[in-house]
Amino acid sequence: MTQCIRMGVIMYAILTLITGVLYPLVVTGVSQVLFHDQANGSVVMRGETAIGSSLIGQSFDDPRYFWGRPSATSPAYNGAGSSGSNLGPINPALLDAVAERVKTVRAAHPTQTGPVPGDLVTASASGLDPHISPAAAQYQIDRVANSRGLSKEQVTGLVAAHTESRTFGVLGEPRVNVLELNLALDAAQRP
Amino acid sequence: MTANAWMQFALYFAVLLLAVKPLGLYMARVYQGRLFGPESRLGKCEAWIYRLAGVNPSEETGWKRYAVEALMFNLVGLLAVYALQRFQGALPLNPQKLPGVGPDSSFNTAVSFASNTNWQGYGGESTMSYLTQMVGLSVQNFLSAATGMAVLVAFVRGLSRNSAATIGNFWVDLTRSTIYILLPLSTVLALALVSQGVVQSFAEYKVVSVVDPIANADGSSVTEQTLPLGPAASQIAIKQLGTNGGGFFNVNSAHPFENPTPLSNFLQVLSILLIPAALCFTFGELVDDRRQGWAILAVMLVIFVPLLIACQLSEQAGNPKLAALGVEQTASATQSGGNMEGKETRYGIVNSTLWATATTAASNGSVNSMHDSFTPLGGLVPMWLMQLGEVVFGGVGSGLYGMLAFAIIAVFISGLMVGRTPEYLGKKIEAYEMKMASLVVLIPCFVVLTGTAIAVLGPGLEYHAADTSELKGNLNNPGAHGFSEVLYAFTSAGNNNGSAFAGLSANVPFYNLALGIAMLIARYWLIIPTLAIAGSLAAKKVSPVGLGTLPTHTPLFVAMLVGVVVIVGALTYVPALALGPIVEQLMMTQ
């Protein structure tokens, strides 16, 4: 029995060394050399300032910007504490929250008469979703163009340029990166 | 279903099935010891490990010794992870200065990762230091998976040997699973994931400015955002491949740093079923009849595919209560439509349902969407896939030995029906094997239903907050959905899955202990009867195939086995499911 315990402890120590120290160190080393930006959070720079990560959404509520999805983290888009709402489909708390969001979104987009794209009024899984659907972006074009004094064509062009289609034409969903689109808007208006 | 949904599913199964034979054959050769001989460089490394630990690799043991060694080894890991969490505050590689974890939560997490469940009562980025994640949790991802694979190989030896007293050497099976199978696959996957944007760094969390500062609840302005970092990719790779599922971050693979792109998502969801599916081929190869392996794989697919489609249809149909509020849920070229609460835009409905069904069919338990917010029937599918006993693919190793226990039962029942002696692969199935196989099938059912019943009688509904001792509710949702949260929790722990209806406040003493015990029973009380069958079968003579033999590779047997798995799962759980998701579905559509 003691022999068995000794074997167990030594095997555990050796395999910990291989899988818990050697393996992550090798992966980190190779990643830092080959994929330096990605391994460190895909940080977006504006001039000298780190202004976010292209993978992590930010909260936008100014009418001059495209808005992202509702976030269940506190405060919204809190990078240090990812979370979904975990509300069930008939929970009154969910239905009230969505009704409230639909009201806000409708009020901010008087030119839109149809139903509101689902992703614009439902909380994402992570609370950090960087994307909205192209439909949700198109829904907001009039508002953003009006508040910035840009032409609708200009804004539509920027949205189109920032719309990613499915990977290899098959995988995932078409989407628009909200932070990148908003940074492009700011850049387009910079004198 | 949209054309794209069919295409994404078809591509997934095509790639998965293409990988089954090469990987399965490779694993068979590894376990047969026909690759990496003692002269090769890797073989020398392997031999060096045995020398250091005092293991004689050519000495095989009987089933009892094999079980003792497996359990002992898992106990060592459990204690190590417990200690690491308790003392992480005083240990290095803790740039966020996170304090030690409480005793009940540490116990739960230590059990969870040793038992290949990876249920998470805690939020990764706010609880665990880099050291704990790397040397504790990451290591257990490898070793719990390797333990499952070792037990499976021992079980298959029991089936294939003729009048033998031994079923292999645990240390050899463990080491080979780790260094020849899990480690190389993980390294390749980890690097592929980093290329897509999964973080891999030892730097402290990065603070960046935000473009549009927002007002906080207290009026202050939020001008900065914290980007969590860490050695994530290396852990995520093995958590997917080893059917572990414990996320580096709180929301697991829904977090953009854990799973950033559709391609990273495809690789991760492929990794969930890759080894469990390929092990079916390994099994066929090791018993020298590949048709047996394909038959088992066919059983798994026949159960899996319809449930995937059911989940997809339910989620894509969306939530009628939201449609009534003026929310667009119809799929089009510019949006995925469907029930998007708790789902990420880049995955939409299709990749969320594929993941949800794959992760619960296999006992993986990682998530890329919040199952708690699924439509009732969409959430019933993952729950029931776990309740089938985690044998439809199941955990690496554990899923297949669970399915083989069902095969023994199916053989026995068919034997009774046609009046033949039940035999599986030439081994007579007698009372002892049937008793042990029944234990394997019934113990998880017992754990799940008893645990749920105890919790909803009171102890699992309310708790006193640790800091203010204020009375709080455990459930995040009222009514039938609240019951579903509890049922899902015990289903997940009692079948070593690890996913959750995450609204449940489970990081409280009652759930930490109750679910911890459920995970221990579901893992180790299944390993013991499994190895007992292995020992008993190994000792039997192989009887030649005769006219009276029921073939176990035919469509007839596949149908029989599907029937046994589905009927046991349905009879056991339909009453409980009726109280949760089924009632909720009726309320949603009325």
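Residues numbered from 1 in each chain as written. Chains lettered and ligands numbered in written order. Predicted model: local features only at pLDDT ≥ 70, side-chain atom pairs only at ≥ 80, totals over all residues. Heavy atoms only, no water.

1. Looking at the side chain of glutamine 387 of chain B
All names here are of chain B.
Point 1. Structurally, glutamine 387 is set in helix H13 (residues 376-387).
Point 2. We classify glutamine 387 as buried; its relative accessible area is 2%.
Point 3. Apart from the residues within four sequence positions on either side, glutamine 387 is in contact with Leu487, Thr491, Asn495, Tyr573 and Leu577. (Helix = DSSP H or I, 4+ residues; strand = E, 2+ residues; numbered from the N terminus. Buried < 20%, exposed > 50% of the residue type's maximum accessible area, 1.4 Å probe, protein only. Contact = heavy atoms within 4.5 Å.)

2. Overview of unusual backbone geometry
All names here are of chain A.
Point 1. The peptide bond linking serine 74 to proline 75 adopts the cis configuration, its omega dihedral lying at -10°.
Point 2. The residue proline 75 is located in the loop between strand S2 (49-53) and helix H3 (92-108) in this model.
Point 3. Within the chain, tyrosine 77 stands out as a residue other than glycine whose phi angle is a positive 55°.
Point 4. Tracing the backbone through its elements, the reader meets tyrosine 77 in the loop between S2 and H3.
Point 5. We classify tyrosine 77 as buried; its relative accessible area is 7%.
Point 6. Of note, phenylalanine 168 is a non-glycine position whose phi angle comes to about 55°, a positive value.

3. What about the sheet that holds strand S6 (residues 175-177) of chain A?
Residue and element names in this part refer to chain A.
Point 1. What the three strands build is an open sheet, ordered S4-S6-S5; its pairing is antiparallel. Of all strands in the sheet, those with a lone pairing partner are strand S4 (131-132) and strand S5 (163-164), marking the two edges.
Point 2. Pairing between S4 and S6: two bridges, direction antiparallel. Residue histidine 131 lies in a different strand from S6, and its bridge partner there is asparagine 177.
Point 3. The sheet contacts of helix H6 (residues 178-189) involve S4 and S6, and relative to S6 the element is tilted by about 55°. (Pairing = 2+ DSSP bridges. Axes fitted to C-alpha atoms, helices over the stretch in contact; angles between N-to-C directions.)

4. Things to note about the pattern of salt bridges
Point 1. Applying the stated criterion across every chain, the model contains 19 salt bridges over all chains.
Point 2. Aspartate 186 of chain A is paired through a salt bridge with arginine 46 of chain A; the nearest N and O atoms lie 3.3 Å apart. Taken together, the residues span a long stretch of sequence, with aspartate 186 of chain A in helix H6 and arginine 46 of chain A in strand S1 (residues 43-46) at a distance of 140 residues.
Point 3. For arginine 46 of chain A, a relative accessible area of 29% gives the class partly exposed.
Point 4. Here glutamate 285 of chain B and arginine 29 of chain B are joined by a salt bridge, their closest N and O atoms 3.2 Å apart. Remark: arginine 29 of chain B occurs in helix H1 (residues 3-32) and glutamate 285 of chain B occurs in helix H9 (residues 262-286); sequence separation between them is 256 residues.
Point 5. A relative accessible area of 12% means that glutamate 285 of chain B is categorised as buried.
Point 6. Connected through salt bridges with shared partners, the residues Arg69 and Asp129 of chain A together with Glu344 and Arg346 of chain B form a single ionic network. (Salt bridge = Lys/Arg side-chain N within 4 Å of Asp/Glu carboxyl O.)

5. Here we look at a nonpolar patch on the surface
Point 1. Nonpolar side chains collect at one region of the surface, where Met1, Ile5 and Val9 of chain A together with Val68 of chain B lie side by side and expose about 350 Å² of accessible area between them.
Point 2. Within the secondary structure, valine 9 of chain A sits in helix H1 (residues 2-34). (Patch = residues over 30% accessible without salt bridge, like charges linked within 9 Å, V, L, I, M, F, W, Y side chains within 5 Å. Areas by Shrake-Rupley, 256 points an atom, 1.4 Å probe, with all protein chains shown as cover.)

6. So, the packing of H1 of chain A against helix H6 (residues 130-160) of chain B
Point 1. Two elements in contact, H1 of chain A and H6 of chain B, have axes separated by 9 Å at closest approach and are oriented at 110°. When the interaxial angle is binned, H1 of chain A and H6 of chain B end up roughly perpendicular. Contact with H1 of chain A, carried on its side by Tyr12, Leu15, Thr16, Thr19, Gly20, Val21, Tyr23 and Pro24 of chain A, involves Met134, Val135, Val139, Gln140, Phe142 and Leu143 of chain B of H6 of chain B and no other residues of that element.
Point 2. Classifying every residue of the contact of H1 of chain A with H6 of chain B gives ten nonpolar, four polar and no charged. (Parallel < 35°, antiparallel > 145°, perpendicular 65-115°, else oblique. Nonpolar A, V, L, I, M, F, W, Y, C, P; charged D, E, K, R; others polar.)

7. Details of the nonpolar core
Point 1. Ranked by internal contacts, the top residues of the largest apolar core, which has 193 residues, are Tyr12, Ile275, Ile296, Phe393 and Leu561 of chain B.
Point 2. Here this core takes 16 residues from H6 of chain B, the largest share from any one element.
Point 3. Shared between two domains, this core takes at least three residues from each, and those domains are domain 1 (1-40) and domain 2 (43-188) of chain A.
Point 4. Among residues more than four places away in sequence, those in contact with phenylalanine 393 of chain B are Leu273, Pro276, Ala277, Leu297, Met300, Leu301, Phe304, Ala361, Ala362, Gly399 and Leu400 of chain B.
Point 5. Judged by nonpolar contacts, the second largest core, of 34 residues, contains Phe60, Val116, Leu120 and Val121 of chain A. (Core = buried A, V, L, I, M, F, W, Y, C linked by side-chain atoms within 4.5 Å. Domains from an automatic or database assignment.)

8. Details of the interface of chain A and chain B
A common way to state how big an interface is: give the accessible area lost once the parts meet.
Point 1. Of the residues lining the interface, 105 residues belong to chain A; the matching set on chain B comes to 111 residues.
Point 2. The contact between chain A and chain B buries some 8,600 Å² in all, and 67% of this surface belongs to carbon and sulfur atoms.
Point 3. Per-residue buried area on chain A facing chain B is highest for Tyr12, Tyr23 and Asn86 of chain A; these three make up 9% of the total on that side.
Point 4. Taken together, chain A and chain B are joined by one salt bridge.
Point 5. Of the charged contacts, one joins arginine 346 of chain B and aspartate 129 of chain A as a salt bridge, the two residues approaching to 3.9 Å between their closest N and O atoms.
Point 6. The element contributing the most residues to the side of chain A that touches chain B is H1 of chain A, with 24 residues.
Point 7. Where strand S3 (residues 116-117) of chain A lies against strand S3 (residues 327-328) of chain B, two bridges are found, and the strand directions are parallel. Bridging from a neighbouring strand, proline 117 of chain A pairs with glutamate 328 of chain B of S3 of chain B. (Buried area = accessible area lost by both parts, 1.4 Å probe.)

9. Points about the domain arrangement of chain A
Point 1. One can read the domain layout of chain A as domain 1 (1-40) and domain 2 (43-188).
Point 2. Centre-to-centre, using C-alpha coordinates, domain 1 of chain A lies 40 Å away from domain 2 of chain A.

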